[in-house]
Number of protein chains: 2
Amino acid sequence: MNFQGIIGHEFVGIVEKSPAPEWLGKIVVGEINVSCGSCFYCNNSMGNHCPQRTVLGIQEKDGAMAEYLTLPIGNLHVVPEEVDWTKSVFTEPLAAACEILEQIQIFTNDEVLLIGDGKLAQLIGRVLQHHTTNLTVLGKHPSKIELFRKHGINAVSLGEFKGESASFKVVIEATGNWQGWDLALDMVRPKGFLVLKSTYVGSHNFNPASLVINEITLIGSRCGPFPEALKLLKEGKVDPSDLITEIFPLNEWKNAFNRAQQADSMKVLLEH
Amino acid sequence: MNFQGIIGHEFVGIVEKSPAPEWLGKIVVGEINVSCGSCFYCNNSMGNHCPQRTVLGIQEKDGAMAEYLTLPIGNLHVVPEEVDWTKSVFTEPLAAACEILEQIQIFTNDEVLLIGDGKLAQLIGRVLQHHTTNLTVLGKHPSKIELFRKHGINAVSLGEFKGESASFKVVIEATGNWQGWDLALDMVRPKGFLVLKSTYVGSHNFNPASLVINEITLIGSRCGPFPEALKLLKEGKVDPSDLITEIFPLNEWKNAFNRAQQADSMKVLLEH
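Just so you know, these numbers come straight off a predicted model, no measurement behind them. (Residues numbered from 1 in each chain as written. Chains lettered and ligands numbered in written order. Predicted model: local features only at pLDDT ≥ 70, side-chain atom pairs only at ≥ 80, totals over all residues. Heavy atoms only, no water.)

Colleague: Can you help me understand unusual backbone geometry in this one?
Modeller: Residues apart from glycine generally show negative phi values, whereas peptide bonds are mostly found in trans. At A:E215, a position not held by glycine, the phi torsion is positive, near 45°. Position of A:E215 relative to the elements: it lies in the loop between α6 (209-213) and β12 (217-220). Even without a glycine there, the phi angle at B:S45 is positive, about 60°. Of note, B:S45 is situated in the loop between β3 (33-34) and β4 (54-56). According to the relative accessible area criterion, B:S45 is exposed, its value standing at 75%. (Helix = DSSP H or I, 4+ residues; strand = E, 2+ residues; numbered from the N terminus. Buried < 20%, exposed > 50% of the residue type's maximum accessible area, 1.4 Å probe, protein only.)

As structure tokens, then:
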């Protein structure tokens, strides 16, 4: 988005100042899209797509890697007492994982292929394992594949993968690279669904004819429902704690960024 | 499909030979996908996607430009008495137009943009005008744009088109050229639907990021429901007769092909 400013859009914090005193001291997470509240999208439950929106740490609004941030009260959700901050800080990406289930129904026997082993893929896997008994994750990094397995999710490497072309009703592409895109197109079956959770760099040669002939539905998927994510955290259905590689104090942000850039790193947190 | 054989998949005919005598003499149209009847797709109401299928005049099965053709009884639909053969011969493409409504709901106020002015686009326009009062057709050829207008459909040329980017909830791409594809991607709004009715030659530079960010759903759409198409013809809700450019006897097929290749030509029929 060519953003210049303070980055950071996944956070949990304490309300220290508010025109509504009942919010003071509350532990909150916050939706990142700040919408105008009066346009067509805002009036039709699509505020996340408001063309006038700013986005925390992403578009025209300073984000969470700071001592303080601001958000409208309407964006806030109180974190349930049961949910430790090291879990609630995952609300935003977990909501993005839940968005898939707002867009398509996944039934218990549906063959689902999740491509990717990064942070978002890990959360998607933990959400979807409650919806299908037929989930396969295709990963690249042994330690990240192992992390899925630790949670009882069937994860395999590209070398081990025996999936046949056109054999999955639902394919979720969460790698953001073109190899993942091509594989996703190959694996989704006729009348199936290809959910795109990642954006891509550059462009790629493509012919949509196979989507037409096989009547495939391709669904772009982005921000999701915070209440559902908080519910999963509260009920313990998703526990993201083991995705945390290390926690740094805010003033050690340089070390945090260095750590985050190492290949084995998953989530690196800043605490203030 | 690299098919070699007798082409032709849009037809109406008379049953002259059948193991089931009650079919003899019936005037019928026929679904073009001949499925195996026992695979996963056939057992789940997706016989049109049976991987073992042959397709009349398209894939491993001789088609309708002949004195006789064969089809399984299960593929046949009796044409209602009220429907003249010059109308019922449009059942197959009209069903393909109807397929859109099997895949997405279109509500009366939905902004729908149909890109294309060819034969299939003409049928799609005539179907959709019964579902939304907010249909715009974007065409190229003055005579074909005029044909939409004759049916009370708002059709414009590229030069006249004033549509803004991201302003249509539903965009239907029926040109099969990359200019149409690019325009469709530009015109569909966030959370909107892009229905692809055409296949494309070659490949094209593409980045699906805008689909992800704007949570757009892209739907490939092919063969559709014959009963619905016959119902529209029977009730007179769609009258395709004026799409016929000329009718030739089968043995004048060379003249028919020449006529069909002229720029102003719509549908050219062969009669036997």
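Colleague: So what exactly am I meant to see when it comes to the interface of chain A and chain B here?
Modeller: As a measure of interface size, the accessible area lost when the parts come together is often cited. Each partner contributes residues to the interface: chain A has 40 residues there, and chain B has 40 residues. Across the chain A to chain B interface the summed buried area is about 3300 Å²; carbon plus sulfur atoms make up 58%. Interface area lost by chain A to chain B is led by A:H49, A:V212 and A:E215, which between them contribute 18%. Our count for the contact surface shared by chain A and chain B stands at two salt bridges. (Contact = heavy atoms within 4.5 Å. Buried area = accessible area lost by both parts, 1.4 Å probe. Salt bridge = Lys/Arg side-chain N within 4 Å of Asp/Glu carboxyl O.)

Colleague: Looking at this structure, how should I read the relation of the copies chain A and chain B?
Modeller: Both copies of the chain are tied together by a single rotation about an axis and a shift running along it. Superposing chain A onto chain B takes a rotation of 180° plus a shift of 0.0 Å along the axis, which leaves an RMSD of 0.0 Å. This pairing of chains is accounted for by a two-fold axis. (Least-squares fit on C-alpha atoms with pLDDT ≥ 70 in both.)

Colleague: Explain the packing of helix α3 (residues 119-128) of chain A against helix α4 (residues 142-150) of chain A here, please?
Modeller: How two helices pack is summed up by the angle between their axes together with the distance between the axes. Residue and element names in this part refer to chain A. It is the contact of α3 with α4, at a shortest axis distance of 10 Å, that shows an interaxial angle of 20°. By the angle between their axes, α3 is roughly parallel relative to α4. As α3 packs across α4, the resulting crossing turns out to be right-handed. Residues A121, Q122, G125 and R126 of α3 pack against K144, L147 and F148 of α4. Here the contact of α3 with α4 is composed, by residue class, of three nonpolar, two polar and two charged. (Axes fitted to C-alpha atoms, helices over the stretch in contact; angles between N-to-C directions. Parallel < 35°, antiparallel > 145°, perpendicular 65-115°, else oblique. Left-handed = near helix turned anticlockwise from the far one by under 90°. Nonpolar A, V, L, I, M, F, W, Y, C, P; charged D, E, K, R; others polar.)

Colleague: What is the right way to read the packing of aromatic side chains from this model?
Modeller: How two aromatic rings sit relative to each other is set out by the distance from centre to centre and by the angle between their planes. Here the structure, examined in full by the defined rule, presents 17 aromatic pairs over all chains. Between A:W181 and A:Y200 the ring centres are 6.0 Å apart and the planes differ by 70°, which places this aromatic pair in the edge-to-face class. On the criterion of sequence distance, the pair formed by A:W181 in helix α5 (residues 178-187) and A:Y200 in the loop between β10 (188-196) and β11 (204-206) is long-range, its members being 19 residues apart. An angle of 90° between the planes, with centres 6.3 Å apart, marks the rings of B:W178 and B:W181 as edge-to-face. In this pair, B:W178 and B:W181 are both assigned in helix α5 (residues 178-187), three residues apart and thus about one turn of the helix distant. For the residue pair B:W178 and B:W181, the accessibility class agrees, reading buried in each case. By way of ring pairs, the aromatic residues A:W178, A:W181, A:Y200, A:F206, B:W178, B:W181, B:Y200 and B:F206 are connected into one cluster. (Phe/Tyr/Trp six-rings, centres within 6.5 Å; stacked < 30°, edge-to-face > 60°.)

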